[in-house]
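What the coordinates show
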Amino acid sequence: GARPDRSGRLAGPPSASVKSWRTFMETTQMIPVTGMTCGGCVASVTRVVERLAGVRKVDVSLAEAQALVSFDTDRVSVRSIRDAIEKAGFGTADA
């Protein structure tokens, strides 16, 4: 975050460049995942989802058979996340 400089003002980019900052829409989606049987499966699902551009956080649960994924909707879609999981050899069910 921005920190105050010696004058007490927040240090940061000049106001003219604020317009160029890209805003993003982050959402969190629970995706049921089938076919996971062990911690290695959890690691595989986590790895393939984390590699997708726009994914901010992944929490895969073997016990609950699901992946909780936080992502930038401007950069990646739920369908792309499901596709990555399926290409890794696991299934995805509709929530």
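What this report covers is the structure whose coordinates are included nearby.

Here is what the cut-offs are and how they apply
- Residues numbered from 1 in each chain as written.
- Predicted model: local features only at pLDDT ≥ 70, side-chain atom pairs only at ≥ 80, totals over all residues.
- Heavy atoms only, no water.
- Core = buried A, V, L, I, M, F, W, Y, C linked by side-chain atoms within 4.5 Å.
- Buried < 20%, exposed > 50% of the residue type's maximum accessible area, 1.4 Å probe, protein only.
- Helix = DSSP H or I, 4+ residues; strand = E, 2+ residues; numbered from the N terminus.
- Contact = heavy atoms within 4.5 Å.

Turning our eyes to something else, we now look at the nonpolar core. Ranked by internal contacts, the top residues of the largest apolar core, which has 18 residues, are Met36, Val45, Val49, Val69, Ile81 and Ile85. Mapped by element, the contributors of at least two residues to this core are strand 1 (26-34), helix 2 (39-50), strand 2 (55-61), strand 3 (66-72) and helix 3 (78-87). It is helix 2 that contributes the most residues to this core, five residues altogether. Ignoring sequence-local partners within four residues, the contact set of valine 45 consists of Val33, Met36, Val60, Ile85 and Phe90.

Here we come to unusual backbone geometry. One non-glycine residue with positive phi stands out, namely alanine 65, at about 50°. With respect to the helices and strands, alanine 65 occurs in the loop between strand 2 and strand 3.

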